[in-house]
Amino acid sequence: MYRWHYTQTSTLNLSPLLLLHGWMGSSEDYREVIASLSWQYNCLAIDLPGHGKTEVIDEENGYNFVNTALGIIELLDSLGVDRCAIAGYSFGGRLALYLALEFPDRFDRAILESTSPGLATEIDRQARIASDLQIIDRLSTEPFADFVRDWYRQSLFVGIDKHPEFPSLIELRIATNKPHKLSKSLQFAGLGNQPYLGDRLKVHPQSISLIVGALDRKFVDINQELARSCPHAILKIVPNCSHNVHFQNPQAWRDCLTSNID
């Protein structure tokens, strides 16, 4: 169903760490993180369907949220990775949470950055699908460069434009993505089309690390509720960051990852 593109460090004797990027991202987003962790982890970062260089062979089913998760498991099998830690950001965090809950024997720890467990009601899911359809329409009608720049003007990303590497981030988004593929990702794997995971998270017995930027008030609220409801969750709120913590403060993200190594 997929021809995966991924990057992997060569230190195969170290504990594996799977890295899943956010919507409109790619495995390139973790280049700095991988460079700083290569002494400690065998890092595996993949391009999710609709992003970067990964090819979706089955166009009808390959963008589906659950099928994407199953495809990741198949990739891990092909690489001989039986068990690993998993870290995901935003869209990738939702996939990471689903994988950790659905395949607990494969993931000994989950690190979830700016992540939601999904929407609990059908009304909310349908409203989100309708909202995503408006975004899909914009992707098909607006110049992609304009869309990308406007995307980062959302309140979720407050302050990110002050980062010295922000222009490079915008250039990377434009260079590594195609609007029609992003549309399919949003249509079939968007928040309104994924299973609600909040109830399952409450009884999950394994370690969950939650990372969120203090300036991202929406996801601070979401993750504070997750931390209250999940007995094994540890929440870290990173000052002076908004939605994309690993970009704005990679050291704080690494500290969250390495602070609870088994």
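Here's what I pulled together on the structure shown here. Residues take numbers from 1 onward in each chain, read along the sequence in its written order. Local features are withheld for residues below a pLDDT of 70 in this predicted model, meaning they are given only at 70 or higher, and side-chain atom pairs are given and counted only at 80 or more; totals for whole chains, interfaces and linings count all residues. The basis for the side-chain values is all heavy atoms of the structure; hydrogens and waters are excluded.

1. What to know about the layout of surface pockets
Put simply, the rule is: Cavity and pocket criteria rest on a 1 Å grid covering protein atoms alone: a 1.4 Å probe that fits but cannot get out defines a cavity, protein on both sides within 12 Å along at least 5 of 7 lines defines an open pocket, and an atom within 4 Å of a point defines a lining residue. Grid points are joined across faces, edges and corners, and a volume is the space filled by probe spheres set on the points. Only DSSP runs of H or I reaching four residues or more are called helices, and only runs of E reaching two or more are called strands; each is numbered from the N terminus. Three classes are used: nonpolar for Ala, Val, Leu, Ile, Met, Phe, Trp, Tyr, Cys and Pro, charged for Asp, Glu, Lys and Arg, and polar for all others, with Gly counted as polar.
Quantified by volume, the largest pocket comes out at close to 820 Å³. Lining the largest pocket are 43 residues, with Ser116, Arg128, Leu191, Lys218 and Phe219 positioned closest to its centre. Elements with a contribution of two residues or more to the lining of the largest pocket: helix 3 (91-102), helix 4 (122-141), helix 7 (179-189), helix 8 (198-202) and helix 9 (217-229). Looking at which element gives the most residues to the lining of the largest pocket, the answer is helix 9, with six residues. Residues of the lining of the largest pocket, tallied by class, amount to 19 nonpolar, 16 polar and eight charged. Space inside the second largest pocket adds up to approximately 380 Å³. Counting residues per element, the lining of the second largest pocket draws most heavily on helix 6 (residues 166-176), at four residues. Per-class residue counts for the lining of the second largest pocket are five nonpolar, four polar and six charged.

2. Observations regarding the packing of helix 4 against helix 7
For clarity, the threshold we go by: What counts as an axis is a line fitted to C-alpha atoms, over the stretch in contact for a helix, and the angles between N-to-C directions run from 0 to 180 degrees. An angle below 35 degrees is treated as roughly parallel, one above 145 as roughly antiparallel, one from 65 to 115 as roughly perpendicular, and anything else as oblique. In what follows, residue pairs with any heavy atoms lying within 4.5 Å of each other are defined as contacts.
The geometry of helix 4 relative to helix 7 is characterised by a closest axis approach of 9 Å and an angle of 170° between their N-to-C directions. In terms of orientation, helix 4 and helix 7 fall into the roughly antiparallel class. Contact with helix 4, carried on its side by Asp132, Ile135, Ile136 and Leu139, involves Pro179, Leu182, Ser183, Leu186 and Gln187 of helix 7 and no other residues of that element. Looking at the contact of helix 4 with helix 7 residue by residue, the class counts come to six nonpolar, two polar and one charged.

3. So, the nonpolar core
So the rule is basically this: The term nonpolar core refers to a set of buried residues drawn from Ala, Val, Leu, Ile, Met, Phe, Trp, Tyr and Cys, joined through side-chain atoms within 4.5 Å. Accessibility here uses a 1.4 Å probe with only protein chains present; expressed as a share of the type maximum, an area under 20% marks a residue as buried, one over 50% as exposed, and anything in between as partly exposed.
Core analysis: the biggest nonpolar cluster contains 81 residues, and Leu18, Leu20, Trp23, Tyr152 and Trp253 have the highest contact counts within it. Of all the elements, helix 3 adds the most residues to this core, at eight residues. Residues within four places of Leu18 in sequence aside, it is in contact with Leu44, Ile46, Ile72, Leu76, Cys84, Ala85, Ile86, Ala87 and Phe107.

4. A look at the sheet that holds strand 6 (residues 84-89)
We apply this condition: For two strands to count as paired, DSSP must find a minimum of two bridges between them.
Taken in spatial order, the seven strands make up an open sheet running 2-4-3-6-7-8-9, and their pairing is mixed. Two strands close off the open sheet at either side, each with one partner strand: strand 2 (6-8) and strand 9 (233-238). The sheet shows a mean angle of 15° between the axes of neighbouring strands, direction not considered. One ladder, built from six bridges, connects strand 8 (residues 208-213) with strand 9; its direction is parallel. Paired with Gly213 across the bridge in strand 9 is Val238.

5. Concerning helix 4
Each full turn of the α-helix corresponds to 3.6 residues, which orients residues three or four apart in the same direction. Basically, it comes down to this: What a helix should span is 1.5 Å times the count of its residues minus one. Throughout, the arc means the angular range of directions from the helix axis out to the C-beta atoms.
Along its 20 residues, helix 4 runs 29 Å from first to last C-alpha, staying within 8% of the 28 Å computed at 1.5 Å per residue. Looking at helix 4, one finds that the buried residues are Arg125, Asp132, Ile135, Ile136 and Leu139. All buried residues of helix 4 project into a common sector of 105° when viewed along the axis, lining one side. Away from its buried face by more than 90 degrees, helix 4 exposes Ile123, Gln134 and Thr141. Structurally, helix 4 contributes buried residues whose contacts are with helix 5 (144-151) and helix 7.

6. Comments concerning the environment of Ser155
Within the secondary structure, Ser155 is located in the loop between helix 5 and helix 6. Classification of Ser155 as exposed rests on a relative accessible area of 63%. For the pair formed by Ser155 and Asp216, sequence separation is 61 residues and the distance between their alpha carbons is 7.5 Å.

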